Structures are given as structure tokens and as C-alpha cells.
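# Close look at the chain arrangement
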Amino acid sequence: MTAVSCTNPFLASWDTPYGIPDFSKVKEKHYIPAVKAGIEQQQAEIDAIIADADAPTFANVVEAYEASGAILDRVVGVLFNLSETDSTPALQEIVGQVLPMLSEHGDNIFMNAAFFAKVDALYGQMDALGLTQEQKMVLEKLHRSFVQNGVALDEASQARMREINMELSSLSNTFGNRLLAENNVFAAEFGVAISEYAGTMGVTADRDLRERMFKAYSSRGNNGGENDTKELIMKMMALRIEKAKLLGYENPAQMILSDKMAGNPEAVDSFLEGIMAAAVARAKDEIVDMQAVMNEDIAAGVLPAGSVIEPWDWAYYAERVRKAKFALDEEQTKPYFQMENVRAGVFEVAGKLFGLSFEKLSDIPSYHPDMEGFKVVDADGSLIGILLTDYFPRETKRGGAWMNNFVNQEIVGGVEVRPVIVNVGNFSKPVDGKPSLLTLDEVGTMFHEFGHALHGLLSQCTYKSVSGTSVPRDFVELPSQIMENWAFQPEVLAMYARHYETGEVIPADLVAKIEAAGNFNQGFMTTELAAAAILDMKWHELEALPCGGEHKCKYNCHVGKTGESFVEQFEAEACRQMGLIDQIIPRYRSTYFAHIFSGGYNAGYYSYLWAEVLDKDAFELFMQKGIFDEQTAMSFRANILEKGGSDEAMDLYRRFRGADPDPKALLRARGL
Ligand SMILES: [Zn+2]
């Protein structure tokens, strides 16, 4: 190779402790050449698979494919992590260039008829091959990638499919960039980061300011101009519908759900309907409670007579009711939830449950001063993997919290690769000499993301395509959401919730208040979540757009200005049909619904609620046996956390639980 190979850090394995990417060596100029080299390398590996004159076997086709693409894994792992945590205009530009390259590369693989012929031959005799269950899952997944990519289509349709895939990947990237810009506009106008919006609304007494903040927040992507996202949504929906139809489905939801636990849109719809009804009923009671407090404000002359709860009042009056009903004030609890203490608590819980220990690493490559690294070790001293944490907001980081992999767990050529996992958050920063003190919500989020991290870390699979969190999307939130259940157990709080100044353990009366307030406002929270999930389903159950995705149609689909666009009409009608009340909007409105328009959760936002049935049902077993019961914990580890997608999700679950999940477990846990 040329001189590039000597200097481009992606072209060789990382010569670093634990295979952590060598961030110090990575420069922006390295990405594109490395992606090109990675694509070339993997294409050559696949060409070799195809050229192999021996009859196809699992080893010379599937295993060979699993082992391919090492350079690409390295560069993509770093690029897509850093473009979310430390996005610069240059990096955005690079991602914009790389996405179509990857889309084309994916199509070259999964529309390759010669490659498919080998995979299909194996698939046809799967049961005669003597495969392990994991190998069967890998083969099935690989086969499906071809079929879902249109390998069976005629040439013209395949060419169209390539165009669609490429356009979709670039549109979703643009959606993310515009939303980031909109979030920054909001932050600049109000001095409030998007991640702090909900908390700020809860403590803002100025009703006019609340109204302005609500309106700005809920119209992100819907302001006309260069950051408007409505046109992107229409283009994406038109392409997604076209793609589904090319593959023989009626709509995108049907296509997407065909390999999920839920199986089909109808199952998801009726599941969400049941939750929505129970949630809205509770939300109406919550309005009555809030109106009573508002009436006190009216009587005191703070608000004009006749004022009623509006969407921008919810967070604030909910907080007032919470204080009155449970005397719980976040300002009282925060001192007990210093970020470092909570993280130590999360680690301790993992220690008690799964026998893990966490050792802080100092001399490791780092991409930002906020990043910290931990070596995760099993009870017998063996290495589990590396966990990086990066918890504070910055302008270059997207909103929300997430887990991601830099390195996947796998066994290549008999050599085991242990994973490198990152947990990212946008938690309350240290300010005015005070350390980072977390809200209860942030504490829950840290436990949640750590659950995903455990799923990635504890993986004991052979093949990277099914290891760790590579499981159906409606199963992937089980390990994360179940961890949230431990966060506020009195026994667990006693372990980690210590006052940041005095070291005093959180007092029993505060613990009692947190417990009592646990199901507070669940009507609202469940309603906004279910509403977003239903909105997502409605979009992806569309079988056609009124304009067919064309520009300048009579529905003003592509008009930037608000008022009469199809996106707004569609959303309003969806909300009416689902029985949403005026005081609540979906947790995400279409124009800033990043999960479904740039995050890959299209026809998938329901997964959070779906997985909650599993996690609540699973946690009921811990409640029966003891929240640190060793046998139950080890069974969860062995049957769920170590297994990745190496078996059918429902089978994994039943093996742990000894029964099917009870759908009522979610409503029970939320007190609905
Ligand atoms: Zn999650």
C-alpha cells in the first residue's frame, strides 16, 4: 500500500491498552481514506468468498463474512461515536460523505447475486448442517439482509433500491444536523440546553416564559427556513413506502416488524391502544389535581380568573402537586446524587448482581476530558471489557443519553475480542464549585444506559453480528430498563446515595418520599410516550402520501411555513384518533422525532413500552426472590445478558423467567 498505511491509524489494529481506539492519533483527514480502504478490504474479502471453488459451508461463507471488514469496523466505530459526542462542521461534512459510501457498499454486498447464491444454498439446508443455535441465527440474519435489500428484485428495481437507500441515509443524516442546529437556537434563546428543558419547565414560575419556551421547544424543525425538517420527513416517508412496496410489503411498518418480537403492526397497535387508554384516564385525574393548585394561584391573584391547565403548565404544576402531595423537592434530593457517587452505586449493584468489579483506568487514550475509562473484571479475575463514560453536555454533543460500541465482542480465528463500550449522557454539569448533582430522572437514565453497557460487556457470543446489543429492537431495551428498577430501592439507595458534602446516607424520610412519589405523574409520562409510539406507527403504516412525495403538491407537503403542511395535518389527525388530550403533546412531535427520522427507530419507538412489559415482568421475579438473589441474577446474566441475539428473544426470555411475560406487568408497575 501507499504511504497512507504508515500514518493512518485506522489501517492497523490499535496498539493501545485493551484495544481502545487511539484517539490521539486520529485526525479528521484519516476518516475518508480509511473508509475507502475499509470498503476495499471488505469487498476483496467478499470477492474471495465468492471465488472459493469449494462447495459452500458455514465456515467458508458465513464465518468468513463475519470475520471480514476489520478496518471498516474500526473507522466506523470511531467516526459515528465522535460525530455524536464531538460533532464539528468538518466531522458533519465527513459523515455526509461517508454515509452514501457505506450505503453503496452495503448494497454491493447484499445485492450481490453470486454471494447470495452461496448464502441461499446454505439457508436451504440449514437443518442438515449441524449448526449451533447461534450459527443458525447468524445465517438467518445474513439471509434476511439480502432479501430485505432486494436481492430477488429485477435489475431496474435493484437500481432503484440503491438510490432509495442512499437517499435515505443522507436524508436522515441531514435531519439530525438540522435538529442539532434547532436545539442550539433554542439553547441560545433561553439559555437552557434541550436536555434541561423538562427540568426547567418544572421550576419556571413565569407563565409567559413557560409558554414561549413550550412553543419554541415544540416547534423545532417547524419554523420554515434552512432548519425546517418537514420536507425531509415527506421525502423519507415517500422513499420508505416505495422501498416497502418494492419488497412486497404494504407499508414500512409491516416490513420493519417482520423480524421483531412483535411480528406485525397489528400486534403493536393493539398493545399501544391498551396502554394509551389506561394512561389518558390517569392523566385526566392528574389535571384535576393540578387545576386545584392553579385555582389557589388564581385566588391569590397570581393568575387571572378562568385560567386552565395548558400544555406549558404541566411540568410546573405537576412539580407543585408533587411537592404538596409528597413533599418531595428535587433540590432536597440532588445533594445525595453526586454523579460520581451514583456511578459508584451503579457499579456496586453490578458487583452484587453479577460479580463484576470496576477499576478506574488513567493511562488510556481519550477523546475528551469528560471521558473516563473503567476496566470491568469478572469474579474470577478475567477481563470482561472496557466501559467509557462521558456524562456532561456540550454544544458539540447531541441531546439524550445512549450506549455505543467502539469494539464489539466476538471470537475471530479462535481469539476472543472483549468489547469497548461507551455510555454517554447530558447530565447536570458541575456549576459554581458544586459537583455534578443529578436529578432523579438522570439517576434513572444512568442506570438505564449502564444496563445497555452490561448487555454489550457481558456478551459471550462468537459472531459479532449477533453479539451484545445486536438483538431485535423491541428486546434491546430489556437489559437497560430492568436496571432502572434497582436505582431507587431503599436497600440500593443506602449503598450509594450519600450527601456530597457530609457523606451522610440519604435519610429514611427522603427515601420514603422518593418511593411514594415513584408513580407520580405516570398518567402524563405514559401518555406522552404512548402518543409518540402511536404517531410513529401511524407514519409507518402509511401506504401512500397524498402527493406521492412530489414537490409543490396541493397539500403543501413541502412548504416550510407552518399552518397547513401535510406533516402538521397528519400529526393532528393521528393525535385525535389516538384520543390524546389537548394538554399533552407526543413526547416527540414529527418535526423533531429524531428516533424515527434519524435514529433508526422507525416503527420502533414502541419498543420502549414493549420491553417494559418484559422488564417489569422480569423484575417481579427479583422482587419475589430478593433483588440481589444470586440465582436469579446469574440466570438473567446467563440467559439474557451473555446471549446477545444468538437465540430467539422470546426463547431467551422464557428460559430466564420460566414463563411468558405477563402484559399487565407494565400497567401494574406504573400504577395505572
Ligand atoms: Zn435504552
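As a convention, each chain's residues are numbered from 1 in the sequence order in which they are written. Under the rules for a predicted model, residues below a pLDDT of 70 receive no local features and side-chain atom pairs below 80 are neither given nor counted, while totals for whole chains, interfaces and linings still include all residues.

### Some words on the overall build of the protein
Numbering of helices and strands runs from the N terminus, with a helix taken as a DSSP run of H or I at least four residues long and a strand as a DSSP run of E at least two residues long. When helices and strands are counted, the protein shows 27 helices and seven strands. For a compact globule of 672 residues, the expected C-alpha radius of gyration is about 26 Å, and the protein comes in at 25 Å, within 12% of that figure. C-alpha extents for the protein along the principal axes are approximately 85 × 65 × 50 Å. For the purpose of contact definition, each residue receives a C-beta atom placed from its backbone, and two residues are in contact when these atoms lie within 7 Å. Sequence-distant contacts, at least 24 apart, represent 75% of the contacts inside the protein between residues at least 6 apart. C-alpha atoms define the radius of gyration, and 2.2 Å times the number of residues to the power 0.38 defines the globule rule.

### Examining the packing of helix α8 (residues 155-190) against helix α11 (residues 230-246)
A fitted line through C-alpha atoms represents every axis, and for helices the fit uses only the stretch in contact; the resulting angles, taken between N-to-C directions, go from 0 to 180 degrees. Axis separation between α8 and α11 bottoms out at 10 Å; the angle between their running directions is 150 degrees. Judged by the angle between their axes, α8 and α11 are roughly antiparallel. As α8 runs across α11, the sense of the crossing is left-handed. Of the residues in α11, those touching α8 at S157, R160, M161, I164, E167, L168, L171, S172, T174 and F175 are L232, K235, M236, L239, E242, K243 and L246. An angle counts as roughly parallel when it lies under 35 degrees, as roughly antiparallel when it exceeds 145, as roughly perpendicular when it falls between 65 and 115, and as oblique in every other case. Handedness of a helix crossing follows the sense of rotation of the near helix relative to the far helix, less than a right angle counterclockwise being left-handed and clockwise being right-handed.

### Re the sheet that holds strand β1 (residues 357-361)
Remark on secondary structure: sheet strands pair via backbone hydrogen bonds, oriented parallel or antiparallel. A strand pair is defined by DSSP finding two or more bridges across the two strands. Strand order in the open sheet formed by five strands is β1-β2-β3-β7-β4, and the pairing between neighbours is mixed. Because the sheet does not close on itself, it has two edges, and the strands there are β1 and β4 (402-407). Pairwise comparison of adjacent strand axes, ignoring direction, gives a mean angle of 30 degrees for this sheet. As paired strands, strand β3 (residues 383-390) and strand β7 (residues 420-424) are joined by five bridges and run parallel to one another. Opposite T389, over in β7, you have N423 as the bridge partner. Strands in contact with helix α4 (residues 70-85) are β3, β4 and β7; relative to β4, the strand with the most contacts, it is inclined by about 150 degrees.

### Let's talk about the environment of V302
Examined against the element boundaries, V302 turns out to sit in the loop between α13 (265-299) and α14 (314-326). Between the C-alpha atom of V302 and that of P369, which follows or precedes it by 67 residues, the distance is 46 Å.

### Topic: the domain arrangement of the protein
Throughout, the edges of the domains are those of an automatic or database domain assignment. When its domains are assigned, the protein resolves into domain 1 (3-110 + 112-148), domain 2 (172-271 + 528-576 + 583-594) and domain 3 (334-505). Opposite the seven residues of domain 1 that make contact, domain 2 presents five residues. Mapped by element, the contributors of at least two residues to the side of domain 1 that touches domain 2 are α5 (89-110) and α7 (133-148). Residues are sorted three ways: Asp, Glu, Lys and Arg are charged, Ala, Val, Leu, Ile, Met, Phe, Trp, Tyr, Cys and Pro are nonpolar, and all the rest, Gly among them, are polar. Per-class residue counts for the side of domain 1 that touches domain 2 are two nonpolar, four polar and one charged.

### Describing helix α21 (residues 522-540)
Helix span, expected: 1.5 Å multiplied by one less than the number of residues in the helix. An ideal rise of 1.5 Å per residue puts 27 Å on 19 residues; α21 measures up with 27 Å between its terminal C-alpha atoms. Each residue is classed by its C-beta neighbour count within 10 Å, where at least 20 other C-beta atoms makes it buried, 12 or fewer makes it exposed, and intermediate counts make it partly exposed; the C-beta atoms are placed from backbone geometry. A large share of α21 lies buried, amounting to 15 of its 19 residues.

### Section: α5
Relative to the 32 Å expected for 22 residues at 1.5 Å per residue, α5 spans 32 Å between its end C-alpha atoms, a close match to the ideal helical length. Residues of α5 that are buried: I94, V95, V98, L102, D107, I109 and F110.

### A few points about the packing of helix α18 (residues 477-487) against helix α24 (residues 607-625)
Running from N to C, α18 and α24 cross one another at 55 degrees; their axes reach a closest spacing of 8 Å. Relative to α24, the element α18 is oriented oblique. Like other packed secondary-structure pairs, α18 and α24 cross with a definite hand, here right-handed. Between α18 and α24, the contacting residues are E477, L478, Q481, I482 and N485 on the first element and S607, Y608, A611, E612, L614, D615, A618 and F619 on the second.

### Concerning the environment of L440
Among the secondary structure elements, L440 is positioned in helix α17 (residues 440-457). For the pair formed by L440 and T333, sequence separation is 107 residues and the distance between their alpha carbons is 7.8 Å. Once residues within four sequence positions are removed from consideration, L440 is found in contact with E330, T333 and I514.

### Here we look at unusual backbone geometry
Within the chain, Y18 stands out as a residue other than glycine whose phi angle is a positive 60 degrees. Along the chain, Y18 turns up in the loop between α1 (4-7) and α2 (28-51).

### Observations regarding the pairing of β7
Burial of β7 is extensive: five of the five residues sit out of reach of the surface. Of the two faces of β7, the one lined by V420, V422 and V424 and the one lined by I421 and N423 are each fully buried. One ladder, built from five bridges, connects β4 with β7; its direction is antiparallel. For N404, the partnering residue across the bridge sits in β7 and is V422.

### With respect to the nonpolar core
The term nonpolar core refers to a group of buried residues, namely Ala, Val, Leu, Ile, Met, Phe, Trp, Tyr and Cys, whose C-beta atoms join them within 7 Å. By size, the foremost hydrophobic cluster in this structure holds 156 residues, and its most contacted members are V75, L272, A530, A531, A533, I534 and L609. Apart from the residues lying within four places of it in its own chain, the contact partners of A533 are L272, Y605, Y606 and L609. Of all hydrophobic cores here, the second largest spans 20 residues; its members include V62, Y65, F146 and C461.

### Some thoughts on the environment of K323
Mapped onto the elements, K323 comes out in helix α14. For the pair K323 and Y601, spaced 278 residues apart in the sequence, the C-alpha separation amounts to 35 Å. With residues near it in sequence (within four places) discarded, K323 still touches L328 and D329.

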